[in-house]
Amino acid sequence: MGRIEWAMWANEQALASGLILVTGGVVAVAAQFKGWPFAAYAIAAGVFVCLLEYPRGKRKKGSTMERCGQKYLTAVVKVFGPITRNYYVRAILHAALAVPAGFLLSTILGTACLGIASAIYLLAAIRGEEWNPIEQKPQERPQVGGGTIKQPPAMPPPRPPADTRKKPPAEVAGQENPIPVTIEAE
Amino acid sequence: MVLSLLSIVYGALRCNILAIKIKYDDYDVSVKAAAYLCIFLWRSFEIATRVVVLVLFSSVLQIWVLPVLVWLGLNAFLFWWYYRVYDVPVKYHYSRKLLGSALAWARAPAACLNFNCLLILLPVCRNLLSFLRGSSACCSTRIRRQLDRNLTFHKMVAWMIALHTAIHTIAHLFNVERCVDGRVEAKGTIQAALSDLGDKTGETYLNFVRKKIPNPEGGLYVAFTYLAGLSGVIITLALILIITSSTKTIRRSYFEVFWYTHHLFVVFFIGLVIHGAGRIVRGQTDESLKEHNPHTCEKNFTQWGKISSCPIPQFAGNPPMTWKWVVVPMILYFFERLVRFWRSQQKVVITKVVNHPFKTFELQMMKKGFKMEVGQYIFVQCPTVSHLEWHPFTLTSAPEEDYFSIHIRIVGDWTEGVFNACGCDKQEFQEAWKLPKILVDGPFGTASEDVFSYETVMLVGAGIGVTPFASVLKSVWYKYCNDATSLRLKKIYFYWLCRDTHAFEWFADLLQSLENQMQERDNAQFLSYNIYLTGWDESQVTTLGKIKDVINGSKQKPLYGRPNWENEFKNHASQHSSSRVGVFLCGPEALAETLNKQCINNSDADPTRSTLHF
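Residues numbered from 1 in each chain as written. Chains lettered and ligands numbered in written order. Predicted model: local features only at pLDDT ≥ 70, side-chain atom pairs only at ≥ 80, totals over all residues. Heavy atoms only, no water.

You'll find chain B entered in an unreviewed UniProt entry as XK-related protein, with Gopherus evgoodei given as the organism. In UniProt, chain B has this text filed under Sequence similarities (unreviewed entry): "Belongs to the XK family." The UniProt entry for chain B carries this comment under Cofactor (unreviewed entry): "FAD". (UniProt positions renumbered as here; feature names shortened; annotations may be inferred.)

The name an unreviewed UniProt entry assigns to chain A is Cytochrome b-245 light chain, from the organism Gopherus evgoodei. UniProt annotates chain A under Sequence similarities (unreviewed entry) with the comment "Belongs to the p22phox family."

Put into structure tokens, the structure is as follows:
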């Protein structure tokens, strides 16, 4: 499995965990289960995790499919520089966020999922992966001629003297045309 | 048709009049002639619009929609039925007193989960599907082709499982909360009385929570000490891991993660079967119901056992049902894996390894008893490279050849490993015994044999989709050489779309050799092919000052950009206006939409009809 980027899977897992935390939290708060303040925290933590994990990082090899509308969040996540780029930080952050939700049954599934995501991020960090934002490529104006045309030539190309430029007589033609050639009117 | 429509309208008219007369039964109603006319017009309008809508829908109906509708209908029915099983009967009256409607909300998706977990294993039994496809020769190819949509169905069922798991889990969160509260907090209420049952000897319990630990710890304790709770948490976690590793990004880029994580389904199914073994869903026993009627006795719950009309109610748990649903598919899947293993152990001999330019190589193999059709694919494993990975490849040889071949392009570490194992990187001749062991499973997929039932075909291959057409074209050629008169196919238009032909040089060679052979046989018109290099367009080519002649010596120069399908279709339609033209596509979905539209636009009424196959 030489080419796996674990961060990709960690990202999917963390996003799912965020959603599960929010769902469990909403159920517990709406039904006012005992200990529902933990659930309120879980909602906040879940939303935060979702926002953080929504923008997909750029893969090292190959192209990365952006999630719909992620460029706005990419701009925000990019601002934090090394905190969001480093996966060790993410691993520890997710582990820490997961713990308080573990005190309530409604949100403990979110805790478990986020814990797994944290573990995969740790693995990614050990393998030296980093989060790089997917930048929008600036629109390139198509270069005419691939950029090789610089200036039109100033001098005509050197030609051999006039008498050698005469065409050889038709009888000495060295080529057999496979397809009959018709001479079109000039 | 008009007559039947008229008779239906007449019947509606009579019913309408009869209804009016019955409503005013006491009076003698006489209906005026104008009223008759109004009713007639109204009913005929109603019926006509309904028939039109029905005809329109069924004309665009794809055949695969029907099984999906049946499946959705069954889901809805099971949900509703089992909801009522727990919401209506008196057996669960006290359970509902304790838990509310959350009991029914948990049991209904449980039934749907049983149904969907039964279904999810079936579409992935490849060999079973191949067997069904082969043995159902009576059914039309259109029906048999639906078996190719097995993975789509597998994904739909998986999403349904996820949805029902969510509903089931949320409902049980309520149940656990209420059970624990009933045990701990409710004082003097019927919930307390019900929860206390089972404390004394001779009593059976209703509330499965026996320890008096308050929420929220109580809920956590229940979830992790009871079999149902623990197995539920584990299998839900397994399901979530399976789902997150099955997203398109992960599947396409890191197949191994997807494949290995997916095997957590074993954990899922084992947990699912033991999930209900604790029998914690309790209902009143039949004997108890005879003596103790909940409707009359619930009001005096403090008197149970003290008055003769209301003895202590007795409860029992429901036996686990899931195993009955999933045992057959589990056995079928087990046999599927056994068959795959057995088939893969059959000896495969590599007869030839051909090195093609641009990181492509061809493996020609032979296997005893291997039968293939055009357009099928096989799964290949190379134990020297990886013991667990199986990769699918379209067969590029024709059934008429005595070997079968695949063309492999090096895109990852597995393909590179096979490349090295076959000695492609070495210049000198390789000994046959040095070639690696290869395991082959297959062939799978619906054959593209429909190609041979048309007089004229348009074959469109985009990118990697060109590979099945190698098999098709070769097979056509063999059939032609064998007996040209028996071949119904008279003209092939082949369109090859790719960014550049580098990846498929070998296919370009194939086309060229076919072209040459047809020239020799004086039938140059049989196959006309057009290569479109979509990575370029005309303007870039001319300004660069040279035309990239990728196929040297080819009589047909490559074209740049995308083909103008409307023109192509118009030309073919006018040239072959009295015959059916089959259009075959292997490529992206967007292209399929385009071609489908063009087919419809350029098809006149009978007898000319272009039908689209892919």
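(A) Representation of the overall build of chain A within the structure. Looking only at helices and strands, chain A has six helices and zero strands in total. Taken from the N to the C terminus, the helices and strands of chain A come in the order α-α-α-α-α-α. For chain A, buried positions account for 37% of its 186 residues. Partitioning the contacts of chain A with sequence separation of at least 6, the portion at a separation of at least 24 is 75%. (Helix = DSSP H or I, 4+ residues; strand = E, 2+ residues; numbered from the N terminus. Buried < 20%, exposed > 50% of the residue type's maximum accessible area, 1.4 Å probe, protein only. Contact = heavy atoms within 4.5 Å.)

(B) Quick look at unusual backbone geometry. Backbone torsion omega between Asn 215 of chain B and Pro 216 of chain B reads -5 degrees, so that peptide bond is classified as cis. Position of Pro 216 of chain B among the secondary structure elements: in the loop between α9 (190-196) and α10 (217-225). Positioned with a positive phi, Gln 32 of chain A is a non-glycine residue whose angle comes to about 55 degrees. Along the polypeptide, Gln 32 of chain A turns up in the loop between α1 (6-30) and α2 (36-53).

(C) Here's a closer look at the nonpolar core. Residues and elements named next belong to chain B. In terms of nonpolar packing, the biggest core is built from 62 residues, with Tyr 94, Ile 161, Leu 194, Phe 268, Phe 269 and Trp 304 touching the most fellow members. In terms of residue count, helix α5 (residues 102-120) provides more of this core than any other element does, nine residues in total. With 35 residues, the next largest nonpolar core counts Val 374, Trp 496, Phe 507 and Leu 533 among its residues. (Core = buried A, V, L, I, M, F, W, Y, C linked by side-chain atoms within 4.5 Å.)

(D) Region of the structure containing helix α23 (residues 589-601) of chain B. Residues and elements named next belong to chain B. Between the first and last C-alpha of α23 there are 18 Å, a value that for 13 residues agrees with the 18 Å anticipated at 1.5 Å per step. Listing the buried residues of α23 in full gives Leu 591, Ala 592, Leu 595, Gln 598 and Cys 599. Each buried residue of α23 lies within a common arc of 130 degrees when the element is viewed along its axis, so the set occupies one face. Exposed and facing more than 90 degrees away from the buried side of α23 are Glu 589, Ala 590, Glu 593, Lys 597, Ile 600 and Asn 601. (Expected span 1.5 Å × (residues − 1). Arc of directions from axis to C-beta.)

(E) Looking closely at the UniProt feature "transmembrane region" (unreviewed entry) in chain A. Residue and element names in this part refer to chain A. The residues that UniProt annotates with the feature "transmembrane region" (unreviewed entry) are residues 38-55 and 95-124. Span residues 38-55 is 89% helix and 0% strand, its end C-alpha atoms 27 Å apart. For the annotated span residues 95-124, helix accounts for 90% and strand for 0% of the residues, and the straight-line distance between the end C-alpha atoms is 15 Å.

(F) Main features of the state of the cysteines. Counted under the stated rule, the structure contains one disulfide over all chains. Disulfide partner of Cys 297 of chain B: Cys 310 of chain B, at an S-S distance of 1.8 Å. Between Cys 297 of chain B and Cys 310 of chain B, the S-S dihedral sits near -90 degrees, and the bridge is therefore left-handed. Pair noted here: Cys 297 of chain B is in helix α16 (residues 294-297) and Cys 310 of chain B is in the loop between α16 and β2 (315-317), with a separation of 13 residues, a long-range link. Neither residue differs from the other here; Cys 297 of chain B and Cys 310 of chain B are each classed as buried. Take Cys 68 of chain A: it sits in no disulfide, and the sulfur closest to it among the cysteines is that of Cys 50 of chain A, at 15 Å. Given the relative accessible area of 68%, Cys 68 of chain A is considered exposed. With no disulfide partner, Cys 382 of chain B has as its closest neighbouring cysteine sulfur the one in Cys 422 of chain B, 6.3 Å distant. (Disulfide = S-S within 2.5 Å.)

(G) Expanded view of the sheet that holds strand β7 (residues 404-409) of chain B. All names here are of chain B. Pairing is antiparallel across the open sheet formed by three strands, whose spatial order is β3-β4-β7. Of all strands in the sheet, those with a lone pairing partner are β3 (348-356) and β7, marking the two edges. Pairs of neighbouring strands in the sheet enclose a mean axial angle of 25 degrees, with direction left out of account. Helix-sheet contacts for helix α18 (residues 413-421) involve β3, β4 (360-367) and β7, and the interaxial angle to β4 is about 70 degrees. (Pairing = 2+ DSSP bridges. Axes fitted to C-alpha atoms, helices over the stretch in contact; angles between N-to-C directions.)

(H) Spotlight on the interface of chain B and chain A. Contact with chain B, which involves 35 residues of that partner, is made by 32 residues of chain A. If you look at where chain B meets chain A, you find two salt bridges. A salt bridge links Lys 34 of chain A to Asp 181 of chain B, with the shortest nitrogen-to-oxygen separation between them at 3.2 Å. Our count for the contact surface shared by chain B and chain A stands at six residue pairs in polar contact (both at pLDDT 80 or more). Contributions of two or more residues to the side of chain B that touches chain A are made by α8 (150-184), α10, α11 (227-244), α12 (248-253), α13 (255-262), α18 and α21 (538-544) of chain B. Of the residues in the side of chain B that touches chain A, the class split is 18 nonpolar, eleven polar and six charged. (Salt bridge = Lys/Arg side-chain N within 4 Å of Asp/Glu carboxyl O. Polar contact = N/O pair within 3.5 Å; in protein donor to acceptor, adjacent residues only side chain to side chain. Nonpolar A, V, L, I, M, F, W, Y, C, P; charged D, E, K, R; others polar.)

(I) Quick peek at a nonpolar patch on the surface. A cluster of nonpolar residues, Trp 323, Val 327, Val 328, Ile 331, Leu 332, Phe 334, Phe 335 and Leu 338 of chain B, forms a patch on the protein surface that exposes about 740 Å² of accessible area. Along the chain, the position of Val 328 of chain B falls in helix α17 (residues 322-345). (Patch = residues over 30% accessible without salt bridge, like charges linked within 9 Å, V, L, I, M, F, W, Y side chains within 5 Å. Areas by Shrake-Rupley, 256 points an atom, 1.4 Å probe, with all protein chains shown as cover.)

(J) Up close: the side chain of Thr 107 of chain A. All names here are of chain A. Examined against the element boundaries, Thr 107 turns out to sit in helix α6 (residues 105-126). When its relative accessible area of 0% is taken as the criterion, Thr 107 is described as buried. Once you skip the residues sitting within four places of it in the chain, Thr 107 turns out to touch Leu 21, Gly 24, Gly 25, Ala 39, Ala 42 and Ala 101.

(K) The packing of aromatic side chains, seen in detail. Residue and element names in this part refer to chain B. For the coordinates displayed, the defined rule picks out 32 aromatic pairs over all chains. Their ring planes at 70 degrees and their centres at 5.8 Å tell us that Phe 469 and Phe 494 sit as a pair that is edge-to-face. Remark: Phe 494 occurs in strand β10 (residues 491-498) and Phe 469 occurs in helix α19 (residues 467-482); sequence separation between them is 25 residues. Each of the two residues, Phe 469 as well as Phe 494, counts as buried. Ring pairs connect the aromatic residues Phe 265, Phe 268, Phe 269 and Tyr 333, which therefore count as one cluster. (Phe/Tyr/Trp six-rings, centres within 6.5 Å; stacked < 30°, edge-to-face > 60°.)

(L) Highlighting the sheet that holds strand β5 (residues 377-381) of chain B. Residues and elements named next belong to chain B. The three strands lie next to each other as β6-β5-β8, forming an open sheet whose pairing is antiparallel. Looking at the sheet topology across the chains shown, the edges are occupied by β6 (391-394) and β8 (439-444). Between one strand axis and the next, the sheet turns by 30 degrees as a mean value, whatever way the strands run. In this sheet, β6 lies alongside β5 in antiparallel orientation, the contact comprising four bridges. Within β6, the position partnered with Phe 379 by the bridge is Pro 392.

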